[in-house]
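Each chain, written out:
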Amino acid sequence: KVKVHYTGEYTGIIGVSTKPIPGQRHSYSWYGGDDKYTGDGSNCKPSGVSRWMNDDVIQFDLDCDNHTLTMTNLRTQETDVIQGLPKGQLFPYFGLLKGDSAEIV
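What comes next is a walk through the structure.

Counted under the stated rule, the structure contains three salt bridges. For Asp34, the salt bridge goes to Arg51, with nearest N and O atoms at 3.6 Å. Remark: Arg51 occurs in the loop between strand S5 (44-46) and strand S6 (57-63) and Asp34 occurs in the loop between strand S3 (27-31) and strand S4 (35-38); sequence separation between them is 17 residues. The partly exposed category is assigned to Asp34, whose relative accessible area is 22%. By relative accessible area, Arg51 is classed as partly exposed at 30%. The closest approach of N and O atoms between Lys36 and Asp80, which form a salt bridge, is 3.2 Å. Of the two residues, Lys36 is situated in strand S4 and Asp80 in strand S8 (residues 78-83); the sequence distance between them amounts to 44 residues. Under the relative-accessibility criterion, Lys36 is labelled buried at 11%.

Each value, and the rule that gives it
Residues numbered from 1 in each chain as written. Predicted model: local features only at pLDDT ≥ 70, side-chain atom pairs only at ≥ 80, totals over all residues. Heavy atoms only, no water. Salt bridge = Lys/Arg side-chain N within 4 Å of Asp/Glu carboxyl O. Helix = DSSP H or I, 4+ residues; strand = E, 2+ residues; numbered from the N terminus. Buried < 20%, exposed > 50% of the residue type's maximum accessible area, 1.4 Å probe, protein only.

Pasting the structure below:
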């Protein structure tokens, strides 16, 4: 679970990456909750859930057997799933703006 802390209107990117020092193009992640990236960075699409707010707690469930990453906003109970994660190593990915933070809870 990750608690997000934002100082402005823009939220960060949180998910997993195929590289230890990632860029968006290697990530399977959510940008503020309401957009998601799946693999190459140019593949951004709406997630169908509301934008995260300051102090939201976001739960991430990684299912390596089914190659999925599920994100649940515990405030709204909204859930979204990224399917088709690649086999191999995955690394936590936090793309935050200056002054923002993510706390593992």
